Amino acid sequence: MKTLNDIEIGGRAVIARLHGEGAVRRRILDMGLVKGTEVLVRKVAPIGDPIELTVRGYELSIRKDEAAMIEVV
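Here goes a summary of the coordinates provided. Computed from a predicted structure; not experimentally measured. Numbers given for residues are sequential positions, taken from 1 along each chain in its written order. With pLDDT at 70 or above as the cut-off, local features in this predicted model cover only qualifying residues; side-chain atom pairs require 80 or more to be listed or tallied, and sums for whole chains, interfaces and linings still use all residues. As a convention, hydrogens and water are excluded, and side-chain values are obtained from all of the structure's heavy atoms.

1. Topic: the pairing of strand E1 (residues 12–18)
So, point 1. Pairing of E1 with strand E2 (residues 38–44), which is carried by three bridges, proceeds in the antiparallel orientation. The residue bridging Val14 from the neighbouring strand is Glu38, located in E2.
So, point 2. Pairing between strands is defined by DSSP: at least two bridges between the two strands are required. Each helix is a run of H or I in the DSSP string that is no shorter than four residues. Each strand is a run of E no shorter than two, and both are numbered from the N terminus. Where E1 meets strand E5 (residues 70–72), three bridges bridge the pair, whose relative direction is antiparallel. Residue Ile15 lies in a different strand from E5, and its bridge partner there is Val72.

Spelled out as structure tokens, the structure:
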């Protein structure tokens, strides 16, 4: 299983599955990170948290633990 954490800077991936439950899952879905969406990893902070993504034409920063819940292909 490859997650969004595993994608290198400048890499692209397509969301395959979202793990997690409750409010955290709902928050991730509300940000537009749904199955079939292509994401581009733009930057990663020096200590690895947060990760900046481009999703559907806008920039989005998510935490490393949130990125670990997003399975990609």
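2. Topic: the pattern of salt bridges
So, point 1. Whenever Lys or Arg places a side-chain nitrogen within 4 Å of a carboxyl oxygen from Asp or Glu, that contact is recorded as a salt bridge. Taken as a whole and assessed by the stated rule, the structure comprises six salt bridges.
So, point 2. Note that Arg26 and Asp30 form a salt bridge whose closest N and O atoms lie 3.4 Å from each other. Linking Arg26 with Asp30, this pair stays in helix H1 (residues 22–30), spanning four residues, or about one helical turn.
So, point 3. For Arg42, the salt bridge goes to Glu59, with nearest N and O atoms at 3.9 Å. Here the residue Arg42 occupies a position in strand E2, and Glu59 occupies one in strand E4 (residues 58–62), the gap between them amounting to 17 residues.
So, point 4. Three labels apply to residues, based on accessible area from a 1.4 Å probe with only protein chains included: buried if under 20% of the type maximum, exposed if over 50%, partly exposed otherwise in between. For Glu59, a relative accessible area of 47% puts it in the partly exposed group.
So, point 5. Members of the salt-bridge network, linked through shared partners, are Arg27, Arg63 and Glu66.

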